[in-house]
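# Notes for the structure review
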Amino acid sequence: MKITVIGGGPGGLYFALLTKKAKPDWQIEIYEQNRADDTFGFGIVFSDDTLDEFLSLDPESYELIRDEFAYWDDITIRYKDEQISCDGNGFAGCSRIKILKILQQRCIALGVEIHFETRIDPTTLETQFADSDMILACDGISSSIREHYQQHFEPSISVKSNRFAWMGSNRVVDGFTYFFKDSKYGPICAHTYQYEANTSTWVFEMSEECWQKWGFEEFDEPGSAAKLEAIFEDELQGNPLILNRSMWRKFPRIYCKNWHYKNIAILGDAKASAHFSVGAGSKLAMECAIGLSNAMVNFGEDSIDKAFEQYVTERETPTQILQHNADVSLAWFEHMNRSWDMDINQFAMVVMCRAKSITYDNLILRDPEFVARIDDAWYQRYFDETGYDYRQSKPTPMFTQFKLKDMVLRNRVVMSPMAQYSADKNGNLTDWHFVHYSGHAKGGMGLMYVEMTCPSADARITEGCPGLWTDDQEYQWKRIVDFVHENTATKICMQLGHAGRKGSTQLGWEKMDHPMSNKQDNWPLHSASAIPYFENESDMPLELDREGMDRIINDFKSSTQRANRAGFDMLEMHAAHGYLLASFLSPITNKRTDDYGGSIENRLRFPLEVFAAMRGEWPKEKPMSVRISASDWVEGGITEEDTIAIAYAFEEAGVDLMDVSSGQTSPDQKPIYGRMFQTAFAESIRNVNKIATMTVGNITEPAQINTILHTRRADLVALGRPFLWNPYFVRDAAAWYGVDLSEADWEKQYWAGRQQAYSVKGKQRLQQLEWQQKAKPKRHD
């Protein structure tokens, strides 16, 4: 077996080392265009967990490396002349050149041939190495091999907006330190860490606007260093900056759809890049090298294709998760000015949790004193803003009250509207609805939404969707609302919506969003434009005209009146997920050329008319919200600028809360899923528009809720699926954290279970904390 590796970075070297160690008789060669002692950049960062893995795979190389590492546990945030540190993080830094030299030495000792100062022409790759059984392309972020074979690897490359430059300094840094500088032209962050005794890495990052105003020049390294030394004079403590190809760049986010072609595989930054703010570039390359080496050792001699398939199977999901976390972190740094009004404590919490991989509970394990300080500051700020005093009880943010108009919620947890598809064919509620909503209201959430309810028969999504256009339906909803109010402290919200072009479809557990199988049962559809949901299957909707608009406005007004008479505490207008009102907002579904199409101001016109009509019928003391899709997950769809304009417009019209979701506008959508994957949309509205927001989407743990609230990503947190299988999610969380809720917060019929819940959950929490403490990585010094 002959293997050729193009690129001698950490990933390529580590792959060659591990593979040669496992298969000494295989011939492995590395071709590196630079000299053996060339390197660009300064230090490399690894976590304790990553070091553990390297130690287990090749103790020999680890023994050579271990004494070169600078270890630290603290992450320090320096912000507006204040400083706070979080302990227990477990990282190590090392000089990149030393890592490369040690891996080179180890490879040579095992019999790997390394050819330095050898540039490979990608156009002759296959002929030059025709005798190689496998070729590995790991030639860096500007990979010429990836570009030559781009039609096969199918790379997606997007260049991000911030400017950054890598430099070094002899200034000794304690731990990993972020210096956030409030410069006269905007925020600048210096990401710094020690990687050897007297040298630290300094990565400077700022917005394009800030960079332009300071007059930096892309390739003027000495001039840039001089300006930065003046800006960060106090932080550098008189030490000059060290340059090493320290030109200004913008980060290219790269991901290859395909990781192999013929006998060529791709690795490292050439395949997938991860923003430096999570310190994951070399980590990702080396972990993928482990996966590819294992695959080649196990299957390479029998089938290169099978080995490559195993490589993708093993590494694709971890790579996507890590890259997604890096993307979220990158996005926060692009908009760090949105958090610039925060105090040091909240700002530090945002920095620690920006990538979503670290949550409130993770930080309790790492540094309970840090969390205690953050909590104390949160309760003090909350007292200053609202007058509610939790400074002694400290129940965690999710168990603090929240007020909208005259409605006071006992906590920040919301049951999201979830279609039950259980109404009869006339839109009447059934026993299922009474049992479902009255039962869930006993689960302890602050607010419970009912499913999207329709103001007319032709506004329904399916025949199983409930309505609010008859006296009988009004009475049925009132019966549920009365039970909730008489027996629980949960508030209840009616969501009114019109299905638009997504109406007249099958039930959710059938063929969702597809027309009913019996065409005679389908009713006429309306939308902003005459565009069907499924091009060759859905019925063609009629473009809504003025007469139709007026009829629908009157339907919403009538249902609003009924919702108020039924006793609902809150009302929401559904303008998301591709339904009628959303079809006006999205440029994907709105192709009109009249006053209701084109600019975002025009696309807002009809949804605002409906909202104004509803607001006019809804009592002033009761709150209203609007649900929107902040992204269509389709090219050419809703933008962040649109979303912010939408929020401003509804705020001016009298909305009290923006319920921020995304997607479901088009069947061609390609959402980027992950935990809390929609939170960034609510965060942008919360921090730009300064209006109350609610987030929703793959939020499954109390720790995530507390993280979202602590970091001002939203004011309320809605859960859907978790409540379907555990109506007592909130009760579980209270018992888990040991929050001292009074008996009045529990229904008296359940008081006997309250004591047991706190006993059982309290023991489980202590056991988990003890186990996690024992499982914390050991320092290898």
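All values reported here derive from a predicted model rather than from experimental measurement.

## Topic: the overall build of the chain
Helix and strand content of the chain: 27 helices and 29 strands. In terms of overall size, the chain behaves like a compact globule, its C-alpha atoms giving a radius of gyration of 29 Å where 781 residues would be expected to give roughly 28 Å. With the principal axes as the frame, the chain shows a C-alpha extent of 85 × 60 × 55 Å. For the chain, the residues scored as buried account for 60% of the 781 residues in total. Partitioning the contacts of the chain with sequence separation of at least 6, the portion at a separation of at least 24 is 71%. Accessible area for the chain stands at about 31,200 Å²; split by element, carbon and sulfur atoms hold 47% of it. Between the centroid of the 83 positive side chains of the chain and the centroid of its 112 negative side chains there is a distance of 3 Å.

## Some thoughts on a negative patch on the surface
Taken together, the side chains of D81, E82, D182, E233 and D234 define an acidic patch exposed on the protein surface. One can find D182 in strand β11 (residues 176–183). D182 gets classed as partly exposed once you look at its relative accessible area, which sits at 48%.

## Re the sheet that holds strand β2 (residues 27–31)
Sheet architecture is open: six strands sit in the order β8-β2-β1-β9-β17-β16, paired in mixed fashion. In this open sheet, the two edge strands, each paired with only one partner strand, are β8 (113–115) and β16 (260–261).

## Brief notes about the environment of S224
If you trace the backbone, S224 turns up in helix α9 (residues 221–231). As a C-alpha pair, S224 and L581 span 357 residues in sequence and 50 Å in three-dimensional space. For S224, the residues in contact, after removing those within four places along its chain, are M167, F216, E217 and W248. A distance of 2.9 Å separates the side chain of S224 from the backbone oxygen of D220, its partner in a polar contact. At a separation of 2.8 Å, a polar atom in the side chain of S224 contacts the side chain of W248.

## Comments concerning the pairing of strand β3 (residues 43–47)
With five of its five residues buried, β3 lies for the most part within the structure. Alternating residues of β3 divide into G43, V45 and S47 and I44 and F46, and every residue in both groups is buried.

## Some words on the sheet that holds strand β22 (residues 491–496)
Spatially, β20-β21-β22-β25-β26-β27-β28-β29 is the arrangement adopted by the eight strands of the closed barrel, whose pairing is parallel. Taken pair by pair, the neighbouring strands of this sheet meet at an average axis angle of 25 degrees, ignoring direction. Relative to β22, strand β21 (residues 447–449) runs parallel, the two being bridged by three bridges. Bridging from a neighbouring strand, Y449 pairs with C493 of β22. Docked against the sheet, helix α18 (residues 546–566) engages β22 and β25 (570–575), running at close to 165 degrees with respect to β22.

## Structural notes on the packing of α18 against helix α21 (residues 605–617)
Following both chains from N to C, one finds α18 and α21 inclined at 30 degrees, their axes separated by 8 Å at the closest point. Looking at the two axes, α18 sits roughly parallel to α21. Once α18 is placed against α21, the crossing between them reads as right-handed. Here R546, M549, I552, I553, F556, K557, T560 and Q561 of α18 lie close against α21, whose contacting residues are F606, E609, V610, A613, M614 and E617.

## Describing the state of the cysteines
Tallied over the entire structure, the rule returns zero disulfides. Take C94: it sits in no disulfide, and the sulfur closest to it among the cysteines is that of C107, at 16 Å. Note on C94: relative accessible area 0%, which makes it buried. With no disulfide partner, C189 has as its closest neighbouring cysteine sulfur the one in C210, 12 Å distant.

## As for the packing of aromatic side chains
For the structure shown, the criterion picks out 48 aromatic pairs. Ring geometry for W166 versus F276: centroids 5.9 Å apart, planes at 70 degrees, classification edge-to-face. With W166 in strand β10 (residues 155–169) and F276 in the loop between β17 (264–266) and α11 (281–299), this pair connects stretches of sequence that are 110 residues apart. Residue W166 shares its accessibility class with F276, and that shared class is buried. For the pair Y421 and W509, a centre-to-centre distance of 5.8 Å together with 85 degrees between the ring planes defines the contact as edge-to-face. Of this pair, Y421 sits in the loop between β20 (413–415) and α16 (431–440) while W509 sits in the loop between β22 and β23 (526–527); the two residues are 88 residues apart in sequence, bridging distant segments of the chain. Judged by relative accessible area, Y421 falls into the buried class, the value being 16%. For W509, a relative accessible area of 58% translates into the label exposed.

## Focus: the nonpolar core
I77, F180, F370, W477, F568, F606 and M658 are the most contacted members of the largest nonpolar core, which totals 124 residues. Take this core: its biggest share by element is eight residues, from helix α13 (residues 344–353). With sequence-adjacent residues up to four places away left out, I77 is seen in contact with E82, Q83, I84, Y178, F180, I344, F347, A348, V351 and M352.

## Some remarks on the side chain of K2
With respect to the element layout, K2 can be found in strand β1 (residues 2–6). Using a relative accessible area of 13% as the deciding quantity, one classes K2 as buried. There is a polar contact of 2.8 Å between the side chain of K2 and the side chain of D131. If near-sequence neighbours (up to four positions away) are discounted, K2 is found in contact with Q27, E29, D131, S132, D133 and M134.

## A closer look at the pairing of strand β27 (residues 657–661)
In terms of burial, β27 is a largely internal element, five of the five residues being buried. The alternating pattern of β27 places L657, D659 and S661 and M658 and V660 on opposite faces, both of which are buried. Across five bridges, strand β26 (residues 624–629) lies against β27 in parallel orientation. Across the sheet, S629 pairs through a bridge with S661, a residue of β27. Chirality of the crossover, the property in question, places the unit of β26, helix α22 (residues 640–653) and β27 among those that are right-handed. Relative to strand β28 (residues 693–696), β27 runs parallel, the two sharing three bridges. The residue bridging V660 from the neighbouring strand is T695, located in β28. After leaving β27, the chain enters helix α23 (residues 679–688) and then returns to the sheet as β28, a path that is right-handed.

## Observations concerning the packing of helix α2 (residues 48–57) against α11
In contact at an axis separation of 12 Å, α2 and α11 are set at 35 degrees when each is read in the N-to-C sense. The way α2 lies across α11 gives a crossing that is left-handed. Where α2 abuts α11, its residues T50, E53, F54 and L57 lie against K283, M286, E287 and I290. Partitioned by chemical class, the residues of the contact of α2 with α11 number four nonpolar, one polar and three charged.

Cut-offs and rules
- Residues numbered from 1 in each chain as written.
- Predicted model: local features only at pLDDT ≥ 70, side-chain atom pairs only at ≥ 80, totals over all residues.
- Heavy atoms only, no water.
- Helix = DSSP H or I, 4+ residues; strand = E, 2+ residues; numbered from the N terminus.
- Rg over C-alpha atoms; globule rule 2.2 N^0.38 Å.
- Buried < 20%, exposed > 50% of the residue type's maximum accessible area, 1.4 Å probe, protein only.
- Contact = heavy atoms within 4.5 Å.
- Areas by Shrake-Rupley, 256 points an atom, 1.4 Å probe, with all protein chains shown as cover.
- Lys, Arg positive; Asp, Glu negative; His and termini not counted.
- Charge placed at Lys NZ, Arg CZ, Asp CG, Glu CD.
- Patch = residues over 30% accessible without salt bridge, like charges linked within 9 Å, V, L, I, M, F, W, Y side chains within 5 Å.
- Salt bridge = Lys/Arg side-chain N within 4 Å of Asp/Glu carboxyl O.
- Pairing = 2+ DSSP bridges.
- Polar contact = N/O pair within 3.5 Å; in protein donor to acceptor, adjacent residues only side chain to side chain.
- Axes fitted to C-alpha atoms, helices over the stretch in contact; angles between N-to-C directions.
- Parallel < 35°, antiparallel > 145°, perpendicular 65-115°, else oblique.
- Left-handed = near helix turned anticlockwise from the far one by under 90°.
- Disulfide = S-S within 2.5 Å.
- Phe/Tyr/Trp six-rings, centres within 6.5 Å; stacked < 30°, edge-to-face > 60°.
- Core = buried A, V, L, I, M, F, W, Y, C linked by side-chain atoms within 4.5 Å.
- Right-handed = clockwise from strand over helix to strand, strands pointing away.
- Nonpolar A, V, L, I, M, F, W, Y, C, P; charged D, E, K, R; others polar.

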